[in-house]
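A look at the structure
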Amino acid sequence: MIQSCNEWDPLKQVLLGSAMGMYWPVAQGAKWEVLPSGEPIPNNILEETEVGLAQYSNILKSYDVDVLRPKPQDYSKINGFGAYSTRDTVLIIDNKVIYTPTLFEYRRREWPAMQDHFKSGEEIHAPLDDPDLFFDAANVIRCDRDILYLVSATGSLKGGQWLQETLGKEYNVHILQDLYHGSHLDSTIVPLKEGMVLLNRSRCSVEHLPEFLKKWDCIWIEPDMIKDIKSDYNISSKWIGMNIFTIKPGVVVADETQYELNAYLTSRGITVETINLPYARYLLGGPHCTTLDTIRINR
């Protein structure tokens, strides 16, 4: 049974990513210039990341969450990236499993590693033959019948329009433009529970928010609240430190190095479980990116 309609209901089952077999693929067609191309990822990075993911798995299991993992693949042989950020290529809305038309074709090669876990859902394949229709699943944040969709370098306006047409009038897809052009939405607008949302002050303002979010408890995160950890391997920005995943209302998973942010969340009554993904900024995925919640219990 696939069933997940928001970012905060109690988690029952999740697909947690894997670093094994990852590779920087040779870019085909559209290329994001900041990404390596055709390069192996050092084994020590993959091994240390797997240690962090094992820690993550243990935390999730301590909350009685069923943890699924992708099937292993050697991505260097298929010119793929790797099913580390399971959030990116498959969008789950209620019982619908949407294989998203990712901008980078090589990301679609992760689907075979995950698709066996989705057989109980209604599978929808977005069209792959229109170059103007593309988006990653992580361009989307789910708030029950309200769906936030970010127009950015990885999500086109036409992609958001297709999503609205596909979901139908039962859902309201809020298309966010002129917000953050880089990539995904989950380090800019981060719901922690119903009625409470983290907002990235450096990227958005009240004017960007749909009306329903303006009524929530909006926690504005200032740039100096996020620790900038310097590394030769950094690709993504320090804001990946705001990439937080909710296990259940009032309990979240965050990067252990974000001391100030985590202390602030604790002061707001949130229980913060911490993990260490030491190369999150290189592999482009934090606690939210590396999870795909397949079952949440809708109360």
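Analysis parameters
- Residues numbered from 1 in each chain as written.
- Predicted model: local features only at pLDDT ≥ 70, side-chain atom pairs only at ≥ 80, totals over all residues.
- Heavy atoms only, no water.
- Helix = DSSP H or I, 4+ residues; strand = E, 2+ residues; numbered from the N terminus.
- Rg over C-alpha atoms; globule rule 2.2 N^0.38 Å.
- Buried < 20%, exposed > 50% of the residue type's maximum accessible area, 1.4 Å probe, protein only.
- Contact = heavy atoms within 4.5 Å.
- Pairing = 2+ DSSP bridges.
- Right-handed = clockwise from strand over helix to strand, strands pointing away.
- Salt bridge = Lys/Arg side-chain N within 4 Å of Asp/Glu carboxyl O.
- Polar contact = N/O pair within 3.5 Å; in protein donor to acceptor, adjacent residues only side chain to side chain.
- 1 Å grid on protein atoms, 1.4 Å probe; cavity = no way out; pocket = protein on both sides within 12 Å on 5 of 7 lines; lining within 4 Å.
- Points joined across faces, edges and corners; volume = space filled by probe spheres on them.
- Nonpolar A, V, L, I, M, F, W, Y, C, P; charged D, E, K, R; others polar.
- Axes fitted to C-alpha atoms, helices over the stretch in contact; angles between N-to-C directions.

1. Side note on the overall build of the chain
What the chain contains, in helices and strands, is 7 helices and 17 strands. The globule rule puts the C-alpha radius of gyration for 299 residues at 19 Å, and the 18 Å found for the chain is close to it. Projected onto its principal axes, the C-alpha positions of the chain cover 50 × 40 × 35 Å. When burial is assessed residue by residue, the chain has 58% of its 299 residues classed as buried. By sequence separation, contacts in the chain at least 24 residues apart represent 71% of the contacts at least 6 residues apart.

2. Thoughts on the pairing of strand β16 (residues 271-275)
Relative to β16, strand β15 (residues 251-255) runs parallel, the two being bridged by 5 bridges. Looking across to β16, one finds that Val-251 is bridged to Thr-271. A crossover links β15 with its parallel partner β16, the connecting element being helix α6 (residues 259-267), and its sense is right-handed.

3. As for the pattern of salt bridges
Inspection of the entire model under this criterion finds 17 salt bridges. The shortest N-O distance in the salt bridge between Lys-71 and Asp-116 comes to 3.4 Å. Taken as a pair, Lys-71 in the loop between β4 (66-68) and α2 (75-78) and Asp-116 in the loop between α3 (111-114) and β7 (122-125) lie far apart in primary sequence, 45 residues in all. A residue is classified by how much of its surface remains accessible, and Lys-71, at 44% relative accessible area, is partly exposed. Take Asp-116: its relative accessible area is 46%, and that puts it in the partly exposed class. Across the pair Asp-293 and Arg-296 runs a salt bridge whose closest N-O atoms are separated by 2.6 Å.

4. Description of the side chain of Arg-142
You can see Arg-142 is positioned in strand β8 (residues 140-143). Within polar-contact distance, the side chain of Arg-142 engages the side chain of Ser-4 at 2.9 Å. Setting aside its immediate chain neighbours within four residues, Arg-142 contacts Ser-4, Cys-5, Asn-6, Glu-7, Trp-8, Arg-87, Leu-91, Ile-92, Ile-93, Ile-147 and Asp-293.

5. Observations concerning empty space enclosed by the protein
Here the structure, examined in full by the defined rule, presents 4 cavities of 30 Å³ or more. Of the voids in this model, the largest cavity is the one considered here, and its volume is about 70 Å³. In this structure, the largest cavity is lined by Glu-7, Arg-87, Val-90, Leu-91, Ile-92, Ala-137, Val-140, Arg-142, His-288, Leu-292 and Asp-293. Elements that contribute at least two residues to the lining of the largest cavity include exactly β5 (90-93), β8 and β17 (291-296). Among the elements that take part in the lining of the largest cavity, β5 stands out by supplying 3 residues, more than any other. Class assignment for the residues of the lining of the largest cavity results in 6 nonpolar, 1 polar and 4 charged.

6. Some words on the sheet that holds strand β6 (residues 96-99)
Across the sheet, 3 strands lie side by side as β5-β6-β7; this open sheet has mixed pairing. The open sheet has two edge strands, β5 and β7, and neither has a second partner. The sheet shows a mean angle of 20° between the axes of neighbouring strands, taken without regard to direction. The pairing of β6 with β7 spans 4 bridges and is classified as parallel. In the strand pairing of β7, Tyr-99 is matched with His-125.

7. Brief notes about the environment of Ile-147
Structurally, Ile-147 is set in strand β9 (residues 146-150). Put simply, Ile-147 and Gly-121 are 26 residues apart on the chain and 19 Å apart in space, counted from C-alpha to C-alpha. Those residues within four positions of Ile-147 in sequence are excluded, and the remaining contacts are Ile-93, Val-140, Ile-141, Arg-142, Leu-163, Leu-167, Tyr-171, Asn-172, Val-173 and His-174.

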